[in-house]
Structures are given as C-alpha cells and as structure tokens.
Amino acid sequence: MAFAAFRRILSGSSAPSPLLRSSFASIRSNSTLVTLTSPKLFISGLSRVTTDENLYNAFASFGQLREAKVIIDRASGRSKGFGFVTYETVEEAEKAREGMNAKFLDGWVIFVDPARPREAQPRQPPRQDFQFNSQSTDIGFTTNKTVGWCG
DNA sequence: GTTGAGCGTT
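Residues numbered from 1 in each chain as written. Chains lettered and ligands numbered in written order. Predicted model: local features only at pLDDT ≥ 70, side-chain atom pairs only at ≥ 80, totals over all residues. Heavy atoms only, no water.

An unreviewed UniProt entry lists chain A under the name Glycine-rich RNA-binding protein 6, mitochondrial, with Dorcoceras hygrometricum as the source organism.

Listed below in structure tokens is the structure:
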C-alpha cells in the first residue's frame, strides 16, 4: 500500500524508513558519488502496481531509454518490487539517478543504483588480488607430498 | 489476500 510508505516516512518510527536505507546505501556504496560505468540502472522500492510503462514514463525525461522493465514474478504474476532501466548513454543514466533516486513513484520511494552485470563479464574479472608469500612456502607444502593415503 | 530486501523469464 502506498499509505504504508507515507506513514513510515512521516512518522519516523523505530523501523528504518526507505529514506534512511537509501542514505546508508549511498554512503556504503558511494552510489551518488561514483561515476557510472554502465547505462543500466537497478530500481528498487517500486510499488507492486508499478509496471513497465510506469517505469518508462517516470524515467523517460532524463534521456533515451533503451529498456524499462519491472521484474514480474512468474508464479504470482505480480511485480517483485524492483526493475531495471537502461539508457543509451551513461550520462543519461547519471541524470536519471540524480533526478529519480529517493523520489516517489506510485506512492513509494524508489532507489536508483547502478545495476550489477547480469552475466559475468568475461573480459573484466572483478578483482583478483594475487598475494605472493614472501616467506617460504615449503612449510606445509612438503608435508603430505609423499604421503600416500592408499587405503 | 498483503506485509518490502533485493539484481532480471528472454
């Protein structure tokens, strides 16, 4: 319900409001301070009545949309409460994030964050920290080398 | 039927 969102925000009850969650998420992930590397955005906090068209109309003013999709649970046939929006350029996605993050859509505060790559990037492994042991690796390495547990 | 963190049916 839309009223639930309003009540949480206006009352400031014990339960963390979506706005607070947004702030924490921003601080933790620097979502509003880091330049986007992809024109794809992850939109969460959507109302369950929000559909692809609503999402499209809400984000269309910030740039040319390539895709606007609300994820629908195939079993229940209703929205999962989040979706994805893809622009033609990352600049447009930036504007959309600045303009739509923590804003209302169908009575709910939505959160705009960079989307994670759905398929693992073949060319860009996340981060591989190769740590070379400065000390000898003989210890523990020769231990079971010739030990045969042939049972 | 309705309870709110999250990263998608192709």
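1. Here we look at the packing of aromatic side chains
In plain terms, the rule: Only Phe, Tyr and Trp rings are paired, with Trp represented by its six-membered ring, and only when their centres lie within 6.5 Å; those with planes under 30 degrees apart are stacked, over 60 edge-to-face, the remainder tilted. Labels follow the DSSP assignment, with helices taken as runs of H or I lasting at least four residues and strands as runs of E lasting at least two, numbered in each case from the N terminus. Any residue under 20% of the maximum accessible area for its type is buried, any over 50% is exposed, and the rest in between are partly exposed; the area is computed with a 1.4 Å probe on protein chains only.
A full pass over the atoms with the stated rule returns 3 aromatic pairs. Here F42 and F82 contribute two aromatic rings whose centre-to-centre distance is 5.5 Å and whose plane-to-plane angle is 55°, an arrangement assigned as tilted. Note that F42 is positioned in strand β1 (residues 40-44) and F82 in strand β3 (residues 79-87), a separation of 40 residues in sequence. Judged by centre distance (6.2 Å) and plane angle (85°), the rings of F82 and F84 are edge-to-face. With a relative accessible area of 24%, F82 lands in the partly exposed category. Through successive ring pairs, a cluster of aromatic residues spans F42, F82 and F84.

2. Notes on unusual backbone geometry
Backbone geometry at A102 places phi at a positive 65°, although glycine is not the residue there. Summarising the element assignment, A102 is placed in the loop between α4 (90-100) and β4 (103-105). Overall, A102 belongs to the partly exposed group, its relative accessible area being 25%.

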